Amino acid sequence: MLESQLQALAASAQQRIDAAASPDALEAVRVEVLGRKGALAEVSKGMGKLTPTDRVRIGKLLNSTKTTLESALDARLKSFADAALAARLDAEWLDVTLPAPGTRPGALHPLTRIQQELEDLFTSMGVAVLDGPEVESEYNNFDALNIPPDHPARDMQDTFWLSSGQCLRTHTSPVQVRGMAKLGPPLLMIAPGRVFRNEEVDASHEHTFYQLEGMMVDRNVSIAHMLYFMRTLLKHIFNREVTVRLRPGYFPFVEPGFELDIQCLICNGSGCPVCKQSGWVELLPCGLVHPNVLRMGGIDPDRWGGFAFGLGLTRLVMMRYGIDDIRWLQSGDLRFLRQF
Ligand code: DAH
């Protein structure tokens, strides 16, 4: 009696195992058949009424049924795992024979690139390339450039002062002072570098930007020499004729002083945020070196003369590449940088 009950139970359990469509369905069969309150446990309750001989026989049969069903369950469960793995391997494959994608090559920052192009140009013209510190003395940044402490021109540049009394240089002009001391007359030099102003940041102003200073000291230096150098520079960078205008400008270290503006290359003169809607961009302030500056540089202004200019390198880069917001340059944003 128990024997046939067990056989029927085993057969139906095996059928359900074979038909189970998921690991969850299998688990349900396991609980119903092999669980503590399952069908097999139910059968074993009736064992107490059996004769000792029958009990041994049925006990064995019960055990073997249990083992058989357990391994059938495990096998079916493993087949689900195998199928899942096979499906995954099918979906997520990798061709290891393909060539590696390789690293993305880096590139020079546009500022570095233009700076190097200008250094190459000027070096080929026999001009010395000088370097100066970003933390500069008050004397070099101001006094030696004919900007004494009470001079109103000190307010033209909002300065980051350090507790040491030094400042972050507000322009590359202090390298003129260093250049005169280092080279003596006659001299022909440029000095590219980073400068700092305590300014509100917007599309055309940054607290940190780049300039390129130029200076020539020789006999009979004229504005024609100055214009020649500046035109050569612009032509080299833009590779085309650029419309320029020269207007008077005031800087304590030059006399006379000028502003050389270029027509905005972003809007072609029609007005945009970079040129503040004026169509022109101040790019090259310049002039003939003030006698006081020469004198403080240890050069006799009666025997020597000179010109100087302070190119806005950052603006030049913006014009050259059509960048309409200065903040991109120091953003570190890869979407911007990868274009160069
Ligand atoms: N240092 C000036 C500035 O940053 C720019 C400048 C003007 C430099 C005239 C010069 C110059 O060498 O001659 O505002």
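For the structure itself, look to the data block above.
Residues numbered from 1 in each chain as written. Predicted model: local features only at pLDDT ≥ 70, side-chain atom pairs only at ≥ 80, totals over all residues. Heavy atoms only, no water.

Can you lay out the sheet that holds strand β1 (residues 128-129) for me, pointing to particular residues and giving the numbers?
With respect to topology, 7 strands assemble into an open sheet ordered β1-β4-β5-β9-β8-β7-β6, the strand pairing being mixed. Among the strands making up the open sheet, the edge pair consists of β1 and β6 (244-248). Looking at chain direction, β1 and strand β4 (residues 187-196) are connected through 2 bridges and run parallel. Following the sheet pairing, V129 is matched in β4 by I190. (Pairing = 2+ DSSP bridges. Helix = DSSP H or I, 4+ residues; strand = E, 2+ residues; numbered from the N terminus.)

Just give me the short version of the packing of aromatic side chains, but keep the residues and values in it.
Evaluation of the coordinates by the stated rule reveals 9 aromatic pairs. When the centroid spacing of 6.3 Å and the interplanar angle of 15° are considered together, the rings of F122 and F229 count as stacked. With F122 in helix α5 (residues 110-124) and F229 in helix α8 (residues 223-238), this pair connects stretches of sequence that are 107 residues apart. According to the relative accessible area criterion, F229 is buried, its value standing at 9%. Centroid distance Y321 to F340: 5.0 Å. Interplanar angle 75°. Geometry classified as edge-to-face. Remark: F340 occurs in the segment after α11 (334-337) and Y321 occurs in helix α10 (residues 313-321); sequence separation between them is 19 residues. The aromatic ring of W304 is capped on one face by R219, whose charged end is 4.0 Å from the ring centroid. (Phe/Tyr/Trp six-rings, centres within 6.5 Å; stacked < 30°, edge-to-face > 60°. Buried < 20%, exposed > 50% of the residue type's maximum accessible area, 1.4 Å probe, protein only. Lys NZ or Arg CZ within 6 Å of the ring centre and 35° of its normal.)

So what about the side chain of E259? Which residues, and what values?
Here E259 lies in strand β7 (residues 254-263). Excluding anything up to four places from it in sequence, E259 contacts R245, L246, R247, P248, G249, F251, E282, L284 and P285. (Contact = heavy atoms within 4.5 Å.)

Describe the side chain of S173, and please don't skip the residues or the numbers.
Counting through the fold element by element, S173 comes out in the loop between β3 (167-168) and α7 (174-183). A polar atom in the side chain of S173 sits 2.8 Å from the side chain of E213. If we skip the residues at most four places from it in the chain, S173 touches L145, E213 and F253. (Polar contact = N/O pair within 3.5 Å; in protein donor to acceptor, adjacent residues only side chain to side chain.)

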